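In case you want the letters, here they are:
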Amino acid sequence: MSIHPMEFRYGTEEMKAIWEEDFRLRCLFRVEAALARAEEELGMIPQGAAAEIARAAEITPPQRAKEIEDEIGHDMMATVLALAENSPSFGEWIHLGATSNDILDTATGLQIKASLDILEEKLKELLSLLLDLAMKNKDLVCAGRTHGQIAVPTTYGLRFAIWASEVGRHIQRLGELRPRAAVGKMSGAVGTQAAYGQFGMDIQERVMRHLDLFEVDVSNQVVQRDRHAEMICWMALVASTLDKIFIEMRTLQRTEIAEVEEGFGKKQVGSSTMPHKRNPIKSEQICGLARVVRAQLIPAFENIPLWDERDLTNSSCERVVFPEAFIFTDHILTLAARTLASMHLRPDNIERNLMLLRGLNMAENVMVELARRGVGRQQAHEIMRQSSMIAFEERKELKDVLLENEAVTGCLKPEEISSLLDPHQYIGTAVQQVERLNDKLRKLYLA
């Protein structure tokens, strides 16, 4: 019976496959084969051993290693013995000079590399989608909001562009992170490489080259866990960006705002008792699972300080942290792209909210123009503050209040006031910013 929701509710098959036990065991087999290849190249083991061990790595069922582990109680030694069963001539040369974590940590590096490849591709898909939305809506003017209150106008294009820019930074961070996270090592029991003799550094370089992994500079018995903590931090950042985007989506889908709506299927049910409901459940799922990804930060940081040359406190912890962080990050990235692709904007409601304050959201524009016409900036601010409070309290159009103010009409004609109060004309360089960002990020990451 399934227990963890990752097993039946969350996660994509491609990411789950990387963190399944069979795949991990096959990664262990691959590392042992790469080690044998490096050692044969350096004359440490007989010619022909590497080919036989590589074939054993291909044909040995992962389940056999599990069966042996049940008998002897040591996962790495079980892997060695399982391979040796299918390497009749050279089985004794498997694992020569290695400590368990030479193989285990390097296998983790293979899983991390495969996982980061998937996440990078999905981040680029999300980036492309956000840039498309930004360009499509670059001049769709809407109410900006600060402190939950309507502020001056902005555009939906700029809103999407801001999110795209953040995703672009995550792709940039991933490029910087990869050489520190997708790593392996062959350093022996305490990091001296003594069991490899004079060939220690050469073996490590060759094994990582054969596996297409980066190598550590130095280590003790384990790859140092600051690397993995940084990796979890990166996923927490990605998750937090998605949380940010979809909190906004949920806010904009509120009934009284109703500018945005998730795609809603023809047969979809919103509530078991309220038939009218169209709940933002996908956005809520993204925000909820982002919390789970961020929750992996504390154990990841606590795995950094290990005793002396190592202890085992990180091992059991990482069996939970790594799969959960990668699988949930992948899941919410996938769901985010799907939700944005099916999202609907409601132009009528966007326009309604833009005009909701009867011109009050344009007070800044009038203030700046008064200052240009010779009224001091501070005086102009006070004129507009008082006028805005009158319009707000008396529920008047700001234009009508301004037309009754001699300090304003002495500088501005009625038609000028009307123009200054048009929110569609007050978006500054928003369109140009969107276009510039689109060009930059497409060249950097999507060319």
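Every value quoted in this text rests on a predicted model; they were computed, and no experiment measured them.

Asks: Just give me the short version of the packing of helix α6 (residues 100–136) against helix α12 (residues 313–341), but keep the residues and values in it.
Replies: Helix-helix packing: each pair is described by the crossing angle between the helix axes and the interaxial distance. Two elements in contact, α6 and α12, have axes separated by 10 Å at closest approach and are oriented at 20°. The angle between α6 and α12 falls in the class roughly parallel. Seen along the crossing, α6 lies across α12 with a hand that is left-handed. Across from T108, I112, S115, L116, I118, L119, K122, L123, L126, L129, L130 and L133 in α6, the residues of α12 making contact are F322, F326, T329, D330, L333, T334, A337, L340 and A341.

Asks: Just give me the short version of helix α13 (residues 347–354), but keep the residues and values in it.
Replies: Since the α-helix packs 3.6 residues into each turn, any two residues three or four apart lie on the same face. N349, I350, N353 and L354 are the residues of α13 that are buried. Seen end-on, α13 carries its buried residues on one side only, within an arc spanning 140°. For α13, the exposed residues set more than 90 degrees away from the buried face come down to P347 and D348. Buried residues along α13 sit against β1 (141–146), β2 (149–155), α7 (156–181) and β6 (344–345).

Asks: Help me get a handle on the pairing of β2, residues and values and all.
Replies: With 5 bridges joining them, β1 and β2 adopt antiparallel strand pairing. What sits directly across from A143, in β2, is P153. Hairpin connection of β1 to β2: 2 residues between the antiparallel strands, including H147 at a positive phi of 60°.

Asks: I'd like to hear about the side chain of E39, residue by residue, with values.
Replies: Secondary-structure assignment places E39 in helix α2 (residues 21–41). If sequence neighbours within four positions are ignored, E39 has contacts with M44, I45, W93, L96, Y196 and I203.

Asks: Describe in detail unusual backbone geometry, supporting the description with residues and values.
Replies: Of note in this structure, H95 is not a glycine but carries a positive phi near 75°. Structurally, H95 is set in the loop between α5 (75–85) and α6. For H95, a relative accessible area of 17% corresponds to the buried category. The phi torsion at R310 lies on the positive side, around 160°, for a residue other than glycine. In this fold, R310 is placed in the loop between α11 (297–302) and α12. Overall, R310 belongs to the buried group, its relative accessible area being 18%.

Asks: How would you explain the packing of aromatic side chains if you had to name every residue and give the values?
Replies: This model, assessed by the stated rule, comprises 5 aromatic pairs. Aromatic pair Y10 and F328: ring centres 6.0 Å apart, planes at 65°, arrangement edge-to-face. Placement of Y10 in the segment before α1 (13–19) and of F328 in helix α12 is noted, with a sequence separation of 318 residues between them. Taking relative accessible area as the criterion, Y10 reaches 16% and is therefore assigned buried.

Conventions and cut-offs
Residues numbered from 1 in each chain as written. Predicted model: local features only at pLDDT ≥ 70, side-chain atom pairs only at ≥ 80, totals over all residues. Heavy atoms only, no water. Axes fitted to C-alpha atoms, helices over the stretch in contact; angles between N-to-C directions. Helix = DSSP H or I, 4+ residues; strand = E, 2+ residues; numbered from the N terminus. Parallel < 35°, antiparallel > 145°, perpendicular 65-115°, else oblique. Left-handed = near helix turned anticlockwise from the far one by under 90°. Contact = heavy atoms within 4.5 Å. Buried < 20%, exposed > 50% of the residue type's maximum accessible area, 1.4 Å probe, protein only. Arc of directions from axis to C-beta. Pairing = 2+ DSSP bridges. Phe/Tyr/Trp six-rings, centres within 6.5 Å; stacked < 30°, edge-to-face > 60°.

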